[in-house]
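Structural overview
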Number of protein chains: 2
Amino acid sequence: MGRWKPDSRGRLEEAALTLYSQRGFDQTTAAQIASMAGLTERTFFRHFADKREVLFGGSPILRDRIVAAVASAPESAGPLDAVGKGLDAAAALLGEGRRDLARKRFTVIASNPGLHERELAKLAEYAAAIAGVLRLRGVGEPEASMAADAGMTVMRVALQAWADDDERGPELGAVMENALRKLRALR
Amino acid sequence: MGRWKPDSRGRLEEAALTLYSQRGFDQTTAAQIASMAGLTERTFFRHFADKREVLFGGSPILRDRIVAAVASAPESAGPLDAVGKGLDAAAALLGEGRRDLARKRFTVIASNPGLHERELAKLAEYAAAIAGVLRLRGVGEPEASMAADAGMTVMRVALQAWADDDERGPELGAVMENALRKLRALR
DNA sequence: AGCCTGATGGCAGTTACTGACATCAGGAGG
DNA sequence: CCTCCTGATGTCAGTAACTGCCATCAGGCT
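Computed from a predicted structure; not experimentally measured.

Conventions used here
- Residues numbered from 1 in each chain as written.
- Chains lettered and ligands numbered in written order.
- Predicted model: local features only at pLDDT ≥ 70, side-chain atom pairs only at ≥ 80, totals over all residues.
- Heavy atoms only, no water.
- Near = heavy atom within 4 Å.
- Polar contact = N/O pair within 3.5 Å; in protein donor to acceptor, adjacent residues only side chain to side chain.
- Helix = DSSP H or I, 4+ residues; strand = E, 2+ residues; numbered from the N terminus.
- Nonpolar A, V, L, I, M, F, W, Y, C, P; charged D, E, K, R; others polar.
- Least-squares fit on C-alpha atoms with pLDDT ≥ 70 in both.
- Axes fitted to C-alpha atoms, helices over the stretch in contact; angles between N-to-C directions.
- Parallel < 35°, antiparallel > 145°, perpendicular 65-115°, else oblique.
- Left-handed = near helix turned anticlockwise from the far one by under 90°.
- Contact = heavy atoms within 4.5 Å.

Here's the deal with the protein's contact with DNA strand D
As a structural note, the neighbourhood of DNA strand D is formed by 22 residues, with Arg3(A), Arg42(A), Ser8(B), Thr43(B) and Arg46(B) the closest of them. Sugar plus phosphate: this is where 56% of the atoms of DNA strand D within 4 Å of the protein reside. Contact distances for DNA strand D include 2.6 Å between a base oxygen and a side-chain N or O atom of Arg42(A). Side-chain polar atom of Ser8(B) to a phosphate oxygen of DNA strand D: 2.2 Å apart, as the coordinates give it. Elements that contribute at least two residues to the surface near DNA strand D include exactly α3 (41–47) of chain A together with α3 (41–47) of chain B. Split by residue class, the surface near DNA strand D holds six nonpolar, seven polar and nine charged.

Below you can see the structure in the form of structure tokens.
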């Protein structure tokens, strides 16, 4: 066994979600989270830039998966088609986890404006990355940014509907495809 | 003359933009801003919930104008047409101000992730308000949210292009109309 | 055996914010 | 003219989010 208990980062994430759910975000201090994870406040801030970031630890992975999927779409695919591939990948990754956990996380995020802000920033980061890939595929501006942004809107809307929905509701991928179809039909 | 110099709020906004530009957001304390405006730190936080908010004082006005314009679009107009009306109103209001001031503000916001985050939150707030109006017009979900979000994307992209552009470049309204046309053409 | 590395702890300092209470010019009513 | 009240401001103390700096020390490398 190593010098320390393994996966400090994961323990911090778990403790944070628990405490944010129980006592609320504002009523939870970084020191409390660290303590529950068997660490100190200082170590918390080595793993996460701030109190909010601890809820978004998986963000780079999701971004990379989406970007890879968009990049691997067939040449012939239009911008929205390519973005659709990215949404498939996102649905596959996010759909793996338990829906009740996603719901718990959403509840916490929705209950605090600062956390909501951070989520928007993450979506914007994804969108910027997607737009970059689209440009590499020959899509110009502002089309690339708009297609990417539209895709993240679809993801957000679908994710919300999916989490709100019953445990036996439609799969995340289906929800996203449906939303994307409606976006295209907009006049 | 009143007991205090008038327009504390405006003085705080002006001082903040000046200091954020000169020394940077992180290197500016709320006390410094207040002091430059002839006030105290405590009064700063009575006028603005936090250090970022001072750059977004005009936000409710813009939101209300956009919402009013969307609401007053003809019954026959589709969601994106109605959103287009809102963009016209936004362009009219934002185009009034001096382009160099807008550029200064954008520069500050772009230089700090936290400020960027707040701007995204404001756009999301506008979008939520627009979606509400669209639903009143009989647009369902998720169409209302997606149309509203798309409109805010267009506004953001156009505003950026307009601010980046030369002083004698196209008017803001024209830039937005152009961007909206391109969004509709997306496939 | 000696050295290096990387994750952690300890500690002091700054500053963003908050709550409670004090102040006091000017307006409203007498 | 006097009095009371209101609302914007000031003062002060307190919490907690971060940050920089230095210390520690098991395990791996040479």
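The discussion continues.
What about the relation of the copies chain A and chain B?
Overlaying chain A on chain B yields an RMSD of 0.0 Å, the required transformation being a rotation through 180° with an accompanying axial translation of 0.0 Å. What the rotation and shift describe, once combined, is the action of a two-fold rotation axis.

Topic: the protein's contact with DNA strand C
Near DNA strand C you find 22 residues, and of these Ser8(A), Thr43(A), Arg46(A), Arg3(B) and Arg42(B) are the closest. The separation between a phosphate oxygen of DNA strand C and a polar side-chain atom of Ser8(A) is 2.3 Å. With respect to DNA strand C, the side chain of Thr40(A) contributes an N or O atom lying 2.8 Å from a phosphate oxygen. Of all the secondary-structure elements, those providing two or more residues to the surface near DNA strand C are α3 of chain A together with α3 of chain B. Considered class by class, the residues forming the surface near DNA strand C number six nonpolar, seven polar and nine charged.

Here's the deal with the packing of helix α8 (residues 143–164) of chain A against helix α9 (residues 172–185) of chain A
All names here are of chain A. Look at α8 against α9: their axes get within 9 Å of each other, and the N-to-C directions meet at 135°. In terms of orientation, α8 and α9 fall into the oblique class. By crossing handedness, the relation of α8 to α9 is classed as right-handed. Packed against α8, whose contacting residues are Ala150, Val154, Met155, Ala158, Leu159, Ala161 and Trp162, the element α9 presents Leu172, Val175, Met176, Ala179, Leu180 and Leu183 at the interface. Here the residues of the contact of α8 with α9 are counted per class, giving 13 nonpolar, no polar and no charged.

Just distances and angles here, no functional claims.
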